[in-house]
Each structure stands twice: as structure tokens, then as C-alpha cells.
Amino acid sequence: MSKQQAIPMIFSQVKQVNWPTLNQFLSATALPIVGIVIFLGLWSLMAKNIDTSLGNFPGPAAVWQQTKVLVDEHNAQMEKAEKFYLRQEERNAARLAKDPSYQPKIRAFTGAPTFLQQIWTSLYTVMVGFIVASFLAIPLGIVCGLSKNSYTAINPLIQLFKPVSPLAWLPLVTMVVSAVYVSDDPMFSKSFITSAVTVSLCCLWPTLINTAVGVSSIDQDLLNVSKVLRLNALSHVIKIVLPSSIPAIFTGLRLSLGIGWMVLIAAEMLAQNPGLGKFVWDEFQNGSSESLARIMVAVLTIGVIGFALDRLMLMLQRKVSWDKSAVLR
Amino acid sequence: MAKLKVVSALKLVIQSLRIGVMSTVLSGAVIATAVSAEDLGWPEKEELKFGFIKLTDMAPLAVAYEKGYFEDEGLYVTLEAQANWKVLLDRVIDGQLDGAHMLAGQPLGATIGYGTKADIITAFSMDLNGNAITVSNDIWKEMKKHVPHESGKPVHPISADSLKPVVDDFKSKGKPFKMGMVFPVSTHNYELRYWLAAGGIHPGFYAPHKGDTSGQIDADALLSVTPPPQMPSTMEAGTIYGYCVGEPWNQQAVFKGIGVPVVTDYEIWKDNPEKVFGVSKGWADKYPNTHIRVVKAMIRAAMWLDENNNANRPEAVKILAKSQYVGADYDVIANSMTGTFEYEKGDKRDVPDFNVFFRYNATYPFYSDAIWYLTQMRRWGQIAEPKPDSWYKDIAKQVYRPDIYAQAAKALIAEGKAKSADFPEFATESGFKPPQTHFIDNIVYEGSQPNAYLEKFAIGLKNDSQI
């Protein structure tokens with residue numbers, strides 16, 4: 001066989017044998033990587049050409065550098081905390097020696113929260129706000145879906161409050177929380193309650209609407225089954241309504257969680273409540289030569305967490321959904 | 001690469017549990033102690049949260065924390081940066097903050113009911129000087145033509161006389177001349193107004209009784225509020241043409257190349273009082289020992305800042321440059337904190353007293369300082385009605401509390417942490433500084449005669465004049 005004949009032969013074989021798997025491999029792993037590489041390339045190119053009064057816009061290298069710095073700062077702060085507790089131990093002991101009636105008490109570390117602690121605060125706040133909202137929205141949505149009358153009654157309110165920006169709610173929430181939530185030894189800080197309530201107010205609506213729509217569009221056959229079996233109201237909801245409206249409810253929950261996460265960052269920024277939003281704002285105020293890179297770290301972190309939260313909800317939906325074959329995206 | 005210390009965080013939790021056990025075990029043991037002066041009484045509240053604005057003059061708070069002075073008093077303090085002066089004051093009033101780094105005018109303004117009405121007192125003055133007025137590059141180019149020069153460099157102090165032609169030009173073209181300051185009752189507002197008015201530029205009146213709190217009635221230059229850290233970016237965006245603010249935000253403009261500081265407040269009024277440490281009166285009444293101990297820690301911090309001719313300042317700058325405090329670059333903060341000030345780029349001059357934290361009795365709350373602020377509130381119409389001299393003294397005595405300061409200072413002297421020579425003679429101190437002569441317009445200020453002082457100004461309310 002001559003060389004010229006051999007090459008097309010090999011190629012055609014490759015085509016027949018390897019194409020499908022290569023294609024799969026490409027679309028599953030390679031394409032996202034290509035996308036990211038192109039993005040990083042464009043980013044570093046653009047960054048060099050954007051000159052701000054705080055120096056160049058940070059490129060990927062500067063951001064990576066600051067990520068490491070932030071982690072180092074966290075570690076340094078943890079060491080300081082350790083020493084703080086040791087000093088406190090000595091001080092308490094010394095005071096006890098002089099003042100035996102003293103009830104020694106260990107106070108939490110007073111240092112500034114690190115970036116990693118801010119992430120945790122934000123996550124915790126958004127989860128609390130989201131869970132509270134879901135516990136309100138899902139039952140209300142089911143009621144609206146089941147009864148046309150209650151839907152007609154509530155619908156104008158939903159339409160009125162749904163488009164309200166969190167930033168409009170925030171001053172009201174802040175004032176109401178400070179007026180209503182008064183306690184000498186509060187379990188939660190006021191800033192936490194304010195952020196969580198604002199998040200709740202904004203994540204109510206997508207879940208509510210989607211649940212109502214999902215419940216009202218249950219297959220007639222299923223409703224008939226319920227009637228034939230003479231299920232009481234509670235079993236009707238648990239056996240028929242909930243399972244069949246799970247996809248709609250989860251669509252609503254995922255939208256809500258996404259909104260909640262965005263709202264929280266904005267609320268923290270405006271109300272100076274602890275969390276990632278406050279971190280971004282503080283860095284902006286600092287105006288040091290590293291501030292922009294540190295803000296960029298926070299931006300990427302916010303994005304990654306938002307993505308992770310969405311995936312988490314998707315996994316949860318797979319777990320609770322009865323239809324395992326449905327394509328979820 | 002750095003690794004996460006999740007483990008160490010866990011260790012902390014375990015440790016705090018262990019400590020709880022240990023300290024009870026240790027209760028019987030006798031231990032040599034560093035805990036101070038029980039005759040003062042233990043602090044009633046040990047966990048405190050103080051607010052501050054990102055400015056270099058918050059240094060006494062940061063130093064008292066980092067050097068462990070608060071802990072020496074048995075206080076566990078958290079320091080928290082605030083978004084702006086309004087938020088800071090509101091949070092002190094509603095109790096979210098135990099105390100804060102405040103503008104000297106804030107406790108006074110709150111007490112007389114200008115803005116939010118609340119009883120705020122102060123027993124500790126945080127610093128002298130530390131502000132400057134900066135104008136944008138374009139304005140400076142125009143101004144420079146009217147500034148006298150010596151061997152190629154502008155002669156300081158630069159008065160607003162050289163700004164007047166620029167403002168007149170704006171007026172003739174019908175364009176508003178806008179400048180920024182940080183708060184209606186801020187030192188910066190009064191300093192900027194003082195400087196402008198001394199150069200014949202009217203900064204505008206307030207008329208709170210008519211609901212006009214813009215402070216722009218009859219104004220040649222329109223002043224508005226911008227939070228300190230946003231000053232440079234607001235000027236860069238062209239919203240304002242200049243501003244009066246504390247450090248590092250003037251030096252930041254030089255570093256960014258967007259503006260030129262033209263005059264420091266040291267030149268407008270030598271050794272003028274600046275920030276104070278304010279707490280609500282209710283808080284101070286409820287926790288008297290805590291308050292005295294806080295003042296003690298802050299006096300020690302101020303002493304440290306001025307020790308050995310500012311020898312500790314580079315270390316202080318390192319502390320302030322941390323992102324949880326001021327967070328600007330080391331070089332920017334160091335420029336003014338270490339006794340120099342850079343006007344035009346490259347024109348760096350020695351101003352050893354640009355930031356004074358302790359010497360010249362900087363920390364003592366003088367009644368005459370309080371009265372100066374009240375005179376300026378009257379001058380610009382924030383106090384709409386004429387008031388007798390006695391009223392000024394009463395308000396000053398209500399808000400400024402040298403009695404608490406004296407208790408703290410005496411405790412420090414007794415512990416050997418300070419010398420009595422460092423403080424005024426408490427038994428005889430009247431709280432009124434001798435007549436002060438170092439103003440840019442050479443007008444003499446005598447704290448005991450506020451109304452007579454107001455009469456000396458060409459621009460401003462006096463006697464029974466009203467808007």
C-alpha cells in the first residue's frame with residue numbers, strides 16, 4: 001500500500017471509530033476550558049489597557065496574588081485570635097485572684113472579620129433569609145394554586161411587590177428592625193436580621209408565583225385519581241399536589257435563591273452589614289493600589305458561590321423529584 | 001501556597017472551652033497581676049463596639065486596640081468602619097455602637113438639635129489639625145496665576161484671595177462653583193467656610209427654621225456633603241472642583257495626580273481641635289467606670305503616637321494601612337502622618353504638627369473649643385436665633401466633660417503610666433484657652449466672648465441678624 005493511500009484510510013478509520021467520543025469529550029470538558037482560556041486572555045489584555053487612578057485594572061495574575069494574600073491574612077488573624085484567647089485567660093485568672101466574686105467569661109475574638117469569615121456570614125445570612133421566605137411562599141403558593149379565588153385576591157399584591165428593589169426596602173426594614181427587635185442580650189445582631197429580612201422580602205415572589213402556577217396546572221387525570229380515592233385535603237396536597245408540582249416549585253426556589261444572593265450583596269453594601277458586600281465596599285473606600293484586585297477576588301467569589309448554590313438546588317431537586325428521567329438544566 | 005487553617009479555627013473553639021474550665025480552676029490561685037487600679041472600679045460593660053471613619057485621625061482607637069491598651073483596662077473592643085458620619089452618629093444614638101470617632105461638631109449639633117436631636121457627650125479630644133483643602137488640577141492652574149511665588153515655589157499659606165477670581169469667572173459664566181465637605185457640622189465645613197469667607201467668597205447660609213438645610217443661601221461657592229473616602233473619586237468625576245477633608249484623602253489626590261492641596265487647616269487656624277470621642281449621655285451614665293477606662297486607654301494611645309518626637313509614627317502608619325482601618329497605601333498615609341505634607345507633586349514641606357495627638361494638651365476637652373464650633377454654627381445660620389454668651393457656655397459644659405478626662409488622667413498618673421506634667425493643672429484649669437491669635441485672617445478668638453467674636457467677621461451672621 002502506498003503512503004498516499006494509507007493516510008486517507010487511517011483518517012477514515014479515525015473518523016469512524018473516534019469521532020463520537022472525541023466529540024463528547026470536546027463538548028464536555030474541552031469547550032468550557034477553551035472558553036475560560038479565551039476569557040482569561042482577553043481579560044489580561046484588556047486589564048493592561050484600562051488605566052484607573054488606582055493603577056491598572058487587575059489582571060488574572062494580580063487577582064491570584066491577592067487571593068493568596070487574603071488567605072494569608074486569614075491565617076494571620078487566626079493566630080492573633082489564638083493569642084487573644086491566651087491573654088484573656090491570663091487576665092481572667094488575674095482578676096479572679098483579686099475579685100473572687102467575678103464570673104469569668106470567654107469573649108469572642110474582637111479582631112476584624114477576614115475575607116473567609118465574611119463569605120461565611122453572607123452564606124449563612126442568605127440561607128436563613130431564603131429558608132424563611134420559602135416556608136412562607138410555598139404554602140401560600142399552594143393555596144393560590146388550589147383556589148382560584150384566593151389567587152385573584154393575592155395576585156395584585158404579588159404584582160405590586162414583586163418588582164420592588166431590595167434597596168427600596170432596606171431603609172424601612174432597618175428602621176423597623178431597630179424599633180421592634182429590642183433586647184439586652186440579642187441572640188442575633190440587628191444587622192443580621194436586617195439583611196435576612198431584606199433577602200426574604202425579595203425571594204418570596206418567584207417561589208410564590210411558580211408554586212401557584214405549578215399547582216394550578218396539575219394533570220387533570222391526577223386530580224381525578226384524587227377524587228376517586230376520596231383523599232382528604234391534607235393527603236391530596238401531600239400525595240398529589242406536591243409531587244406533581246415539584247419541578248415548578250424548584251424552578252421558583254432556584255430563581256429565588258439567585259435573587260436572594262444578589263440582593264444580599266447589595267444590601268450588605270448599602271447598610272454596611274457584615275458580609276461580602278461590606279468587604280467590597282470597604283475595599284472601594286480604602287482606595288489602595290491593591291483594592292481593585294481584592295474587589296475582583298470578591299466578584300469572582302460571589303460568582304462561584306452563586307453558581308454553587310444553583311447546582312446545590314439542582315441536586316436537591318433530583319433527590320426529591322419523582323421523575324428521575326426529566327432533563328434538568 | 002498558603003493553606004487554609006480550618007483546623008486552627010477548630011482549635012480555637014476547643015481552646016475557648018478549655019479556657020472556661022481553666023479559669024475556674026485557677027480561681028483560688030494567687031497570681032501576680034497587671035490588672036490596674038481597682039479603686040476606679042471594674043468596667044460595668046466589657047465588650048464594646050466602637051465606630052470610626054477611614055481617616056488617619058482615628059489612630060488613637062487603632063493604637064489602643066493593637067497595643068493592647070483597651071485589654072489592659074479589661075475592655076474587649078471591636079472597631080468597625082462606618083459608611084459616613086450620619087450612619088455613625090445614628091448608630092451611637094440607637095446603641096448599636098458604644099462610642100465613636102466623631103466630628104467635634106457632632107456631639108454639639110446633636111445636643112442643640114441640629115440634625116438628629118440626642119444627648120451626646122465627649123470626654124476625650126482625639127487630635128489637633130490634620131485636614132487640608134484640595135482643588136482639582138484645572139482650578140489650581142487658574143489659581144496659581146494669582147498666588148505669589150518665591151524662588152519658583154508658591155508662598156504658603158495660600159489664601160482664598162487667589163481663588164476669588166476663579167469663582168468670579170464661574171459666576172459670570174453662570175456656572176455653579178461646587179466644593180465638597182464631609183458633614184454639615186464637620187470641622188471641614190467650618191474650616192472651608194472660614195477660608196473662603198476670609199478671601200471674600202461667600203460660602204452660603206443655612207436656614208433650618210425655614211427648612212433649608214442645604215447651606216447654599218447667598219452662596220458664591222456651593223458646598224455639599226461627600227463621605228471622606230469618596231472625595232478623590234467625586235472630584236475626579238467632575239462633580240466637585242475642590243474639597244476639605246482629613247488625611248489621607250488630600251495626599252491621595254496628589255498620588256493619583258487629580259488635584260493639589262492648597263492649604264492645610266494648620267495654616268487656617270494653628271492647632272485647631274479636630275475629632276472627639278463621642279458617646280451617648282445615657283451610655284456614659286450607665287457605665288461610668290467603663291467610660292473612664294476607655295478614656296484611659298485612649299490617652300495612652302495618644303501619648304504613644306506623639307512619644308519621642310513622633311518616633312512611633314512609622315509603626316502607626318503600618319497599623320493604619322491595614323485594610324480594616326484606613327486601608328490606603330503606606331506611602332500615602334505616611335506622607336502626612338510622619339510630619340510632612342506634599343502640596344503640588346514634588347513640593348513636599350515639613351509640617352511637624354500636621355497631626356498632633358497628645359502634645360499641647362491635644363486630648364483635653366476644652367470648653368473654648370466647643371464654643372468655637374458653636375460660634376461657627378451661629379455664623380452660618382445653623383443656629384438661627386441669636387443666643388447670649390451664657391448659652392454658649394452652658395452647652396459647652398453639657399457636652400464637653402473634662403471631669404471624666406481628669407479622673408482617667410489621675411488614674412494613669414497613680415499607676416505611673418503618665419506624668420502629671422503631661423496634663424493641665426486639673427485643680428485650676430478653667431477649660432478656656434488663652435485668646436488664640438493664629439488664624440489665617442488674624443482675627444483673635446476669645447472663647448469667653450462668643451458674641452463679640454462673631455462681630456469681628458465681615459461675612460456671617462452676628463448680633464440679632466437672621467436669615
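Anyway, here's the lowdown on the structure attached to this text. (Residues numbered from 1 in each chain as written. Chains lettered and ligands numbered in written order. Predicted model: local features only at pLDDT ≥ 70, side-chain atom pairs only at ≥ 80, totals over all residues. Heavy atoms only, no water.)

## Some points on the sheet that holds strand β2 (residues 76–81) of chain B
Residues and elements named next belong to chain B. The strand order across the open sheet built from 5 strands is β2-β1-β3-β15-β4, with neighbouring strands paired in mixed fashion. Two strands bound the open sheet, and with one partner strand each, they are β2 and β4 (120–125). Shown here is a sheet whose adjacent strand axes are inclined to one another by a mean of 30°, direction ignored. Relative to strand β3 (residues 99–103), helix α5 (residues 105–112) is tilted by about 95°, and along the sheet it contacts β3, β4 and β15 (275–280). (Pairing = 2+ DSSP bridges. Helix = DSSP H or I, 4+ residues; strand = E, 2+ residues; numbered from the N terminus. Axes fitted to C-alpha atoms, helices over the stretch in contact; angles between N-to-C directions. Contact = heavy atoms within 4.5 Å.)

## A closer look at the layout of surface pockets
Of the voids in this model, the second largest pocket is the one considered here, and its volume is about 690 Å³. What lines the second largest pocket is a set of 26 residues, among which Thr174(A), Leu270(A), Ala271(A), Gln272(A) and Val87(B) lie closest to the centre. Per-element accounting of the lining of the second largest pocket gives the leading share, 6 residues, to helix α5 (residues 166–180) of chain A. Residues that form the lining of the second largest pocket fall into these classes: 12 nonpolar, 10 polar and 4 charged. (1 Å grid on protein atoms, 1.4 Å probe; cavity = no way out; pocket = protein on both sides within 12 Å on 5 of 7 lines; lining within 4 Å. Points joined across faces, edges and corners; volume = space filled by probe spheres on them. Nonpolar A, V, L, I, M, F, W, Y, C, P; charged D, E, K, R; others polar.)

## Considering the packing of helix α3 (residues 115–146) of chain A against helix α6 (residues 190–216) of chain A
Residue and element names in this part refer to chain A. Contact geometry for α3 and α6: axes closest at 6 Å, N-to-C directions at 30°. Judged by the inter-axis angle, α3 sits roughly parallel to α6. The way α3 lies across α6 gives a crossing that is right-handed. Grouping the amino acids of the contact of α3 with α6 by side-chain chemistry returns 21 nonpolar, 9 polar and no charged. (Parallel < 35°, antiparallel > 145°, perpendicular 65-115°, else oblique. Left-handed = near helix turned anticlockwise from the far one by under 90°.)

## Structural notes on the nonpolar core
The biggest cluster of nonpolar side chains holds 144 residues, and the ones touching the most others in it are Leu61(B), Phe70(B), Met143(B), Leu163(B), Trp195(B), Ile299(B) and Tyr405(B). With 11 residues, helix α13 (residues 288–310) of chain B is the largest single contributor of residues to this core. Viewed by domain, this core spans two of them, domain 1 (38–129 + 274–342 + 350–440 + 446–453) and domain 2 (131–272) of chain B, each represented by three or more residues. Leu163(B) has contacts with Ile139(B), Met143(B), Phe177(B), Trp195(B), Leu196(B) and Ile201(B), leaving out every residue within four places of it along the chain. Membership of the second largest hydrophobic core comes to 42 residues, among which are Trp205(A), Trp261(A), Phe279(A) and Ile295(A). (Core = buried A, V, L, I, M, F, W, Y, C linked by side-chain atoms within 4.5 Å. Buried < 20%, exposed > 50% of the residue type's maximum accessible area, 1.4 Å probe, protein only. Domains from an automatic or database assignment.)

## Focus: helix α17 (residues 389–399) of chain B
All names here are of chain B. Within the span of α17, buried status applies to Trp391, Tyr392, Ile395, Ala396 and Val399. For α17, the angular spread of the buried residues around the axis is 135°, confining them to a single face. Buried residues along α17 sit in contact with α5, β4, α16 (367–379) and α19 (450–454). (Arc of directions from axis to C-beta.)

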